[in-house]
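# Coordinate analysis (summary)
For reference, the chains in residue letters:
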Amino acid sequence: YAVDNPTDYSSPASQIPEVPSCPLRIQTVTEIKRIRVQQAKLAARIEAEKPFAQQRRLYIEQMTAFVNRKIMELNQVKEELEGQARFIARAEGRIKTLNERQKLMKMTDVLACLEKQGSYQNGEKQGRDEMIAKLHAAEKTLNANIAHIEKDVKYKETMYHGGAMGEAAAAAT
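Quantities reported herein were computed from a predicted structural model and do not represent experimental measurements.

### Structural notes on the overall build of the protein
The number of helices and strands found in the protein is three helices and zero strands. Shown N-terminal to C-terminal, the secondary structure of the protein runs as helices and strands in the order α-α-α. Evaluated residue by residue, the protein yields a buried proportion of 13% over its 173 residues. Long-range contacts, defined as pairs at least 24 residues apart, comprise 68% of the intrachain contacts of the protein with a sequence gap of at least 6.

In structure tokens form, the structure reads like this:
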């Protein structure tokens, strides 16, 4: 609040002329005693609870340390699984590539044989030419399959290396 005239507060304050006579009620005294008893009981409860609270705090600290160790172990296992997943992806891709190359080699051998045989025999030329055309188409398909498998293996490598082993890995297979 604002003071309009500071000289109003420069004179000393007057004192109370007599000690007031206030009778002390019995209810007030009993209420104060009851409150003090409750305070003492609460203080005793708090003191009794302190060791248990300390034990709970220590238990929580121990459990936190235990859980953190388990989380570290879990992360190590996850890293190992990612490495194994990368290895499996590479191995599966290599197996598929080798299968396709094996088919391609067989196809090439058959083509070479047919072309060699075709130079000796000029009969049945139309049937042989159709078969050779189909074999060439199959050869192109096998080469495309090999390229696709190699591309898929590279994709899985980067996917597992990036740590996305969840839904993306399932969708890629």
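Alright, that's what it looks like, and here's the rest.
### A look at the nonpolar core
Counting eight residues, the largest nonpolar core is built from L104, M107, L111, L114, I132, L135, L142 and I146. Among the elements of the structure, α1 (26-120) and α2 (125-161) are those that each provide at least two residues to this core. With residues near it in sequence (within four places) discarded, I132 still touches L111, L114 and E115.

### Thoughts on the confidence of the model for the protein
For the protein, per-residue confidence averages 80 on the pLDDT scale, and 78% of positions sit at 70 or higher. Confidence, read as mean pLDDT per element, is least for helix α3 (residues 167-172) in the protein (46) and greatest for α1 (89). Across residues 164-173 the pLDDT falls below 50, and counting only partners more than four positions away or on other chains, this stretch makes 14 contacts in the model.

### Here's the deal with the side chain of E100
In this fold, E100 is placed in helix α1. Look at E100 and you get buried, because its relative accessible area is 11%. For E100, the contacting residues outside a window of four places in its chain are L142, N145, I146 and I149.

### A few points about the pattern of salt bridges
Evaluated as defined, the whole model comprises seven salt bridges. A salt bridge links E61 to R57; the shortest N-O distance between them is 2.5 Å. Within this pair, E61 and its partner R57 are both found in helix α1, separated by four residues, close to a single helical turn. Overall, E61 belongs to the partly exposed group, its relative accessible area being 41%. For E73, the salt bridge is made with K70, and the minimal N-O distance between the two is 3.5 Å. Here E73 and its partner K70 are both found in helix α1, three residues apart, which amounts to about one turn of the helix.

Criteria and cut-off values
- Residues numbered from 1 in each chain as written.
- Predicted model: local features only at pLDDT ≥ 70, side-chain atom pairs only at ≥ 80, totals over all residues.
- Heavy atoms only, no water.
- Helix = DSSP H or I, 4+ residues; strand = E, 2+ residues; numbered from the N terminus.
- Buried < 20%, exposed > 50% of the residue type's maximum accessible area, 1.4 Å probe, protein only.
- Contact = heavy atoms within 4.5 Å.
- Core = buried A, V, L, I, M, F, W, Y, C linked by side-chain atoms within 4.5 Å.
- pLDDT = per-residue confidence, 0-100.
- Salt bridge = Lys/Arg side-chain N within 4 Å of Asp/Glu carboxyl O.

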